[in-house]
Amino acid sequence: MTAEQLDKTYNPKQFEQQIYSSTEPMFAPNNTGGETYSILMPPPNVTGSLHVGHALTYTIQDILIRYHRQHGYDALWQSGVDHAGIATQMVVTKELEASGVDISAITREELIHKIWEWKDKSGNRIVEQQKSLGCSAPWDLSRFTMDKEFCAAVIKAFVALYKEGLIFRDKRLVNWDTKLMTAISDLEIRNEEEEGTLWHIKYKIVDSDEYVTIATTRPETMFGDAAVAVHPEDGRYTHLIGRNALIPYANRTVPVITDKYIDIEKGTGCLKVTPAHDYNDFAIGKRHGLDVISVIDKSGHMTFKNVPEFLQGIYVKKARKLLLSKLAEDGAVVREEKITHTLPYGDRSGTVIEPLLTDQWFVDAKALAKAAVEAVERGEMKFHPEKWVNTYLEWMRNIEPWCVSRQIVWGHQIPAWYGSDGSIFVEEDEATAIARAEERGISKDQLTRDPDVLDTWFSSALWPFVTLGWPDDDAPALRTRYPTSVLVTGFDIIFFWVARMAMMSLRFMKKVPFRDVYIHALIRDSSGQKMSKSKGNVVDPQDLMDEFGADALRFTLAFMSVPGRDIKLGKDNVKISRNFITKIWNAARFLQFKETQFCSELPETVTGKINNWLIAKLRKFQQNIDQNIREYRFDYATRNIQSFLRDTFCDFFIEAMKLHEDERAKIIAGKVFVEFLRISHPFIPFVTDRLARSLGVCDSLLMLGPDVSVLRVSISEKDEEEVDQFIELLHQVRSARQSNGDVDGEYLALLERQRSWPGELNLVATRIA
């Protein structure tokens, strides 16, 4: 192809978008039957925009895909978008309310229609941002978790699990959002430390003048108490064990019991046990067979049952104040203790989350986890870094039933129909459910479908195999690409996503979903603080790309991905990477100025010690990058890229070229520089492709494999060692000159040594020293 003169200044805005558009048709897998390499893209929320965590994940995945594509693999980066149930419904309902629509007045079907309209209009913003970053995914193969085929697969999986007894309906504690009126997952909660109060309140012991004092931050839940618990070895209360305590204003007594969960040193050592409104209390209640009494309703108000009349129907916070006022008036408040405690807030609603006892659908995660634990123990699924294995296994071995139902409309509606007699029919479609009901004498009119939808994480757990064609076992992608090669993700969703994909994949595919799991670090601001909108320290990756270019951001993120260490990201980091890329640009301009030959094949034997030395260093550079990729050491890889370009190629070889004009060196320089661009391409695809085009090499380095003419060159290890020694001596001379200016001894030694060197080294030594 025709070469073109490079601009004097590196300006990524001038070419990044054009480079991406022209190479996008090459992102598709070749499907030639060769060795496959496949990565699942963690599907971003349809409501989402690119944040730095996304940028890190996608950069690493794209490096891996581009590298394996270059090396001849049939590479697939399976992209897609998650419907993000609660998040999407909230966005749309807010927009509708802002336009004057009364949400309570529209039907379920109308709201779902409005959400689909919004999705088609505004739901793919993040895909455009992914393209800006350089993500080389075949977008025409992208999946959406609410697509017709995906929905059918989700329903099929639910029904299969139900009929095996692995999904069940039960009344249990869940995280309840009183504003959104739905159960939510732990990942949708943000825990915040706040100043609070621990109230010490007296409960009278029945048939005694004694009292026990309990310490609580939630006095309003006392009407749901089922016991007062003390530690069995706490001598202060031994004489009260088995007695009964009277709950103030409730006209009800509860037993004093013992449980080793109780912390003798915490509070008063007496715990009010409220199974319906606290997870730990629920566990104590199960161990002791205690009643479960709800006193807070789904809207966050006190119930009309089990609660004194003066608190019935009142919002929780107001009820707390009224109750404390009355308790204090009656002398039941012993003291108030100021504390710092953690409160759970709904990430989207901003309201305090209530542990609430509700009827929900659950997955028997413990039963599914067994195979997922064993697979990791056998080494079928490996974690990188390896330390995350213990985190995974700890979670899996202590897993609880997984609540998968949500009280919203956007999502996969649960395929369950209820008969008028309380019977449940779980089937893949309504017609089958009706037929089963009629077999039991229940007519269609007596059936009601469950209005709830499935937790978004349920469909996400099926991502590894549904995206490849399941439940069609003969789907080509499923047969050739499952299990996939590697999953790249953050540590915060090892349990929410990685573990659940492992469980579901082993159930439906009988194999792990991926062979490797690479866990990357958390990105913080430049001071090491966690990024948050409230702190005003959120770094927008789009802003960084606009200012420095996508390659600079990619290189920075890879460079800073040190295993086990959080990334402290600031503008200065990205600026350093931009400066390094500018050095690559300037090296290309110099070679162009020297009329370097970039497309000539190398002879089988290369003459000249420095030329041989450069070829040897290029081979080691390639070997190092290969090893870095295998070991997921992207930090090492970027350092190797820097070192080769800066130290090996620019600071020595190009300087030597300036002093010792040689046509052979121009051929070597051109060929080695093109190989450097090819090797670096997965990390910095835009600038490498731009330079390859401008130098007349090729349209894209995307699928360009290693140059065989470089690999077949015969080189001398002796030459390499001699030049290395020569460079080391030059460094010593330069170091002495910089430190104290006294170089007489070193310079004389250099001159003495250089007499025995061949012409090119002799000349370089004389001029450089």
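Residues numbered from 1 in each chain as written. Predicted model: local features only at pLDDT ≥ 70, side-chain atom pairs only at ≥ 80, totals over all residues. Heavy atoms only, no water.

Draft legend 1. View of the overall build of the protein chain. Check the secondary structure of the protein chain and you find 26 helices and 25 strands. Buried residues in the protein chain amount to 55% of all 769 residues. Summarising the internal contacts of the protein chain: among those between residues at least 6 apart in sequence, 77% fall at separations of at least 24. Charged side chains in the protein chain number 94 positive and 109 negative. The centres of these two groups are separated by 1 Å. (Helix = DSSP H or I, 4+ residues; strand = E, 2+ residues; numbered from the N terminus. Buried < 20%, exposed > 50% of the residue type's maximum accessible area, 1.4 Å probe, protein only. Contact = heavy atoms within 4.5 Å. Lys, Arg positive; Asp, Glu negative; His and termini not counted. Charge placed at Lys NZ, Arg CZ, Asp CG, Glu CD.)

Draft legend 2. Here's a closer look at the side chain of Gln642. Positionally, Gln642 belongs in helix 20 (residues 634-659). Residue Gln642 is classed as buried on the basis of its relative accessible area of 12%. Among residues more than four places away in sequence, those in contact with Gln642 are Phe555, Phe559, Phe580 and Asp647.

Draft legend 3. Quick peek at the packing of helix 1 (residues 16-23) against helix 22 (residues 685-694). Where helix 1 contacts helix 22, the axes come no closer than 10 Å and their chain directions differ by 80 degrees. When the axes of helix 1 and helix 22 are compared, the pair comes out roughly perpendicular. Every residue of helix 22 that contacts helix 1 at Glu16, Gln18, Ile19, Tyr20, Ser22 and Thr23 is listed here: Phe686, Asp689, Arg690 and Arg693. Of the residues belonging to the contact of helix 1 with helix 22, the class tally is three nonpolar, three polar and four charged. (Axes fitted to C-alpha atoms, helices over the stretch in contact; angles between N-to-C directions. Parallel < 35°, antiparallel > 145°, perpendicular 65-115°, else oblique. Nonpolar A, V, L, I, M, F, W, Y, C, P; charged D, E, K, R; others polar.)

Draft legend 4. Just the packing of aromatic side chains, in detail. Inspection of the entire model under this criterion finds 33 aromatic pairs. Plain terms: the ring middles of Trp388 and Phe491 are 5.3 Å apart, the flat faces sit at 5 degrees to each other, and that makes the pair stacked. Pair noted here: Trp388 is in helix 10 (residues 388-397) and Phe491 is in the loop between strand 22 (484-490) and helix 15 (494-508), with a separation of 103 residues, a long-range link. In textbook terms, an aromatic cluster arises when at least three aromatic residues are bridged by ring pairs, as seen for Phe621, Phe644, Phe649, Phe653, Phe673 and Phe676. The aromatic ring of Phe362 is capped on one face by Arg172, whose charged end is 5.7 Å from the ring centroid. Here the guanidinium or amino end of Arg500 rests over the ring plane of Trp402, the centre of that ring lying 4.1 Å away. (Phe/Tyr/Trp six-rings, centres within 6.5 Å; stacked < 30°, edge-to-face > 60°. Lys NZ or Arg CZ within 6 Å of the ring centre and 35° of its normal.)

Draft legend 5. Local environment of helix 15. Relative to the 21 Å expected for 15 residues at 1.5 Å per residue, helix 15 spans 20 Å between its end C-alpha atoms, a close match to the ideal helical length. Note on helix 15: the residue one or two positions beyond its end, Lys510, has a positive phi of about 65 degrees. (Expected span 1.5 Å × (residues − 1).)

Draft legend 6. Looking closely at helix 19 (residues 609-630). For helix 19, built from 22 residues, the straight-helix expectation of 32 Å at 1.5 Å per residue is met to within 8% by its first-to-last C-alpha distance of 32 Å. Most of helix 19 sits inside the fold, with 16 of its 22 residues counted as buried. Positive phi shows up at Tyr632, right after helix 19, with a value of about 55 degrees.

Draft legend 7. Up close: the pairing of strand 14 (residues 354-363). Across the ten residues that make up strand 14, a large majority, nine, are buried. Bridge count for strand 14 against strand 16 (residues 402-403) is two bridges, and the pairing is antiparallel. Within strand 16, the position partnered with Val363 by the bridge is Trp402. (Pairing = 2+ DSSP bridges.)

Draft legend 8. Spatial organisation of the pattern of salt bridges. Using the criterion set out here, one finds 34 salt bridges in the structure. Across the pair Glu337 and Arg335 runs a salt bridge whose closest N-O atoms are separated by 3.7 Å. The class for Glu337 is partly exposed, based on a relative accessible area of 26%. Linking Asp455 and Arg406 is a salt bridge whose minimum nitrogen-to-oxygen distance equals 3.3 Å. Note that Asp455 is positioned in the loop between strand 21 (453-454) and helix 12 (456-461) and Arg406 in strand 17 (residues 405-406), a separation of 49 residues in sequence. A single burial state applies to Asp455 and to Arg406, both of which are buried. The network of salt bridges with common partners includes Lys163, Glu427, Arg436 and Glu439. (Salt bridge = Lys/Arg side-chain N within 4 Å of Asp/Glu carboxyl O.)

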